[in-house]
Amino acid sequence: MERSLESGNVTRVQEFVLLGLSTSPETREVLFAVFLPLYLLTLLENALIVFLVCSHTELHKPMYFFLGNLSCLEMCYVSVTMPSLLAGLWMGPYHVPFPACMTQLFFFIALICTECTLLASMAYDRYVAICHPLRYPLLMRPQVCLGLARTSWLGGLLVSVAKTACIASLSYCGPNVLNHFFCDVSPLLNLSCTHVALTELVDFLSAIIILWGSLLVAIASYVAIGRAVLHMPSAAARCKAFSTCASHLVVVGIFYSAALFIYARPSRIEAMDLNKMLSVVYTVATPMCNPVIYCLRNREVQAAFRRALRGS
């Protein structure tokens with residue numbers, strides 16, 4: 001089950017074995033029949049959002065610009081983790097070469113960090129729209145939106161370079177079995193046979209900066225929005241503002257709850273079955289639900305979708 005390479009007195013693992021979501025053949029068949037349609041549905045939903053935002057000028061607004069970025073990210077995100085989940089359900093435990101595992105880890109960390117900052121940018125956009133409506137065109141002009149999006153994507157890549165380099169530099173002497181359905185931080189740290197304090201410190205600091213930092217921006221934005229909504233004289237205006245932000249809060253709450261539990265901790269996680277279940281939440285459930293919660297219930301998006309259907 002393990003191939004290795006002698007380097008001095010240290011035997012380095014050349015591949016990992018992913019156990020997958022379940023080792024029971026009967027359970028795997030059922031889960032494969034569930035997750036394959038969910039994967040395809042997630043790609044279809046998010047591709048539809050990107051198409052509508054790009055092709056309809058009435059959706060060329062800051063809010064939909066960020067939603068288009070988020071949908072593009074979600075398509076990449078599920079395509080990093082879901083194929084390995086489906087492969088594990090189809091074949092059972094399978095071998096992943098060390099370079100392929102580190103590549104998957106790099107893209108996964110980059111995308112999850114980018115999503116954190118994008119969600120914070122979207123919360124700030126809603127804050128400006130509700131609390132400073134007259135200054136909204138100035139504060140959220142195209143240059144600002146592009147700057148926030150670029151910062152999100154580049155920041156995610158830079159954090160991922162640092163974290164992946166630290167994890168890849170560790171020695172893995174065996175065993176080489178990952179109790180997970182993709183190459184994630186905690187399972188890899190659990191297999192390392194060298195001192196991981198520095199790597200855990202880098203992981204913890206990046207979690208504080210990216211996860212906690214973006215979460216605080218989102219919380220501050222929604223607290224300010226809540227105060228502004230409570231002071232609105234019209235009940236209809238309060239209801240409209242609340243309905244817009246409630247859907248955002250649901251997604252932010254689910255995503256950050258799972259991500260913070262797993263990543264914002266300075267120690268290795270031993271309860272890997274719980275880790276896997278929580279990973280399903282933000283790698284499968286959140287990307288699938290985001291288009292429905294954010295966009296497909298939105299009247300402007302629905303109108304654009306109907307026009308696209310009539311045009312075709």
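Residues numbered from 1 in each chain as written. Predicted model: local features only at pLDDT ≥ 70, side-chain atom pairs only at ≥ 80, totals over all residues. Heavy atoms only, no water.

Quick notes on the overall build of the protein chain
Each helix and strand counted, the protein chain has 10 helices and 5 strands in total. By the compact-globule yardstick of 20 Å for 312 residues, the protein chain fits well, its C-alpha radius of gyration being 21 Å. Within the protein chain, buried positions represent 48% of all 312 residues. Partitioning the intrachain contacts of the protein chain with sequence separation of at least 6 by distance along the chain shows that 80% fall at a separation of at least 24. Carbon and sulfur atoms provide 70% of the accessible area of the protein chain, an area that totals close to 14,600 Å². (Helix = DSSP H or I, 4+ residues; strand = E, 2+ residues; numbered from the N terminus. Rg over C-alpha atoms; globule rule 2.2 N^0.38 Å. Buried < 20%, exposed > 50% of the residue type's maximum accessible area, 1.4 Å probe, protein only. Contact = heavy atoms within 4.5 Å. Areas by Shrake-Rupley, 256 points an atom, 1.4 Å probe, with all protein chains shown as cover.)

Brief notes about the nonpolar core
Grouped together as the largest cluster of nonpolar side chains are 84 residues, with contacts concentrated most on Phe16, Phe35, Leu85, Tyr172, Leu188, Tyr256 and Tyr294. Take this core: its biggest share by element is 16 residues, from helix H3 (residues 98-131). (Core = buried A, V, L, I, M, F, W, Y, C linked by side-chain atoms within 4.5 Å.)

Some thoughts on helix H2 (residues 62-91)
Along its 30 residues, H2 runs 44 Å from first to last C-alpha, staying within 8% of the 44 Å computed at 1.5 Å per residue. At Ser79, H2 shows its largest kink, close to 30 degrees, and the proline Pro83 lies no more than four residues downstream. For H2, the buried fraction is high: 22 of the 30 residues fall into the buried class. Phi turns positive one or two residues past the end of H2, at Gly92, with a value near 85 degrees. (Expected span 1.5 Å × (residues − 1). Bend = angle between axes of the 7 residues up to and from the residue.)

Things to note about the sheet that holds strand E3 (residues 15-18)
The mixed open sheet is built from 3 strands, whose spatial order is E4-E3-E5. The open sheet has two edge strands with one neighbour each: strand E4 (94-97) and strand E5 (177-178). Of the strands in this sheet, E3, E4 and E5 touch H3, which is tilted by about 80 degrees from E4. (Pairing = 2+ DSSP bridges. Axes fitted to C-alpha atoms, helices over the stretch in contact; angles between N-to-C directions.)

Comments concerning the state of the cysteines
Applying the stated criterion across every chain, the model contains 2 disulfides. Put simply, Cys101 and Cys183 are joined by a disulfide, and their sulfur atoms are 2.0 Å apart. On the S-S bond that ties Cys101 to Cys183, the torsion sits near -125 degrees, and the link is left-handed. Residue Cys101 is located in helix H3, and its partner Cys183 is located in the loop between E5 and helix H6 (185-191); the two are separated by 82 residues in the primary sequence. No difference in accessibility class separates Cys101 from Cys183, as the two residues are buried. Shown here is the disulfide that connects Cys173 with Cys193, its sulfur atoms set 1.9 Å apart. Classification of the bridge connecting Cys173 and Cys193 rests on its S-S torsion, roughly 45 degrees, and on that basis the disulfide is right-handed. Taken together, the residues Cys173 in the loop between helix H5 (142-168) and E5 and Cys193 in the loop between H6 and helix H7 (197-230) connect sequence positions 20 residues apart. Classification of Cys173 by relative accessible area gives partly exposed; the value is 29%. If the cysteines joined by disulfides in the protein chain are listed in sequence order, their pairing comes out as 1-3, 2-4. The thiol of Cys76 is not disulfide-bonded; the next cysteine sulfur, from Cys72, is found 4.8 Å away. (Disulfide = S-S within 2.5 Å.)

Let's talk about the UniProt feature "transmembrane region" (unreviewed entry) in the protein chain
Under the UniProt annotation, the feature "transmembrane region" (unreviewed entry) is placed at residues 30-54, 66-92, 104-124, 145-172, 204-225, 246-265 and 277-296. Annotated as 100% helix and 0% strand, the span residues 30-54 places its first and last C-alpha atoms 37 Å apart. Across residues 145-172 one finds 86% helix and 0% strand; the C-alpha atoms that close the span lie 42 Å apart. (UniProt positions renumbered as here; feature names shortened; annotations may be inferred.)

What to know about the packing of aromatic side chains
Inspection of every chain in the model, using the stated rule, returns 11 aromatic pairs. Judged by centre distance (5.2 Å) and plane angle (75 degrees), the ring pair of Phe106 and Phe107 falls under edge-to-face. With a centroid separation of 5.4 Å and 85 degrees between ring planes, the pair formed by Phe255 and Tyr256 is classed as edge-to-face. Tyr256 carries the same exposure label as Phe255, and that label is buried. Ring pairs connect the aromatic residues Tyr77, Phe108, Phe181 and Phe182, which therefore count as one cluster. (Phe/Tyr/Trp six-rings, centres within 6.5 Å; stacked < 30°, edge-to-face > 60°.)

What about the packing of H5 against H7?
Interaxial distance between H5 and H7 falls to 9 Å at its minimum, and their mutual angle equals 160 degrees. Judged by the angle between their axes, H5 and H7 are roughly antiparallel. Here the hand of the crossing between H5 and H7 comes out left-handed. On H7, the residues that touch Val159, Lys163, Cys166 and Ile167 of H5 are Thr199, Val202, Asp203, Ser206 and Ile210. Residue classes in the contact of H5 with H7 are distributed as 5 nonpolar, 2 polar and 2 charged. (Parallel < 35°, antiparallel > 145°, perpendicular 65-115°, else oblique. Left-handed = near helix turned anticlockwise from the far one by under 90°. Nonpolar A, V, L, I, M, F, W, Y, C, P; charged D, E, K, R; others polar.)

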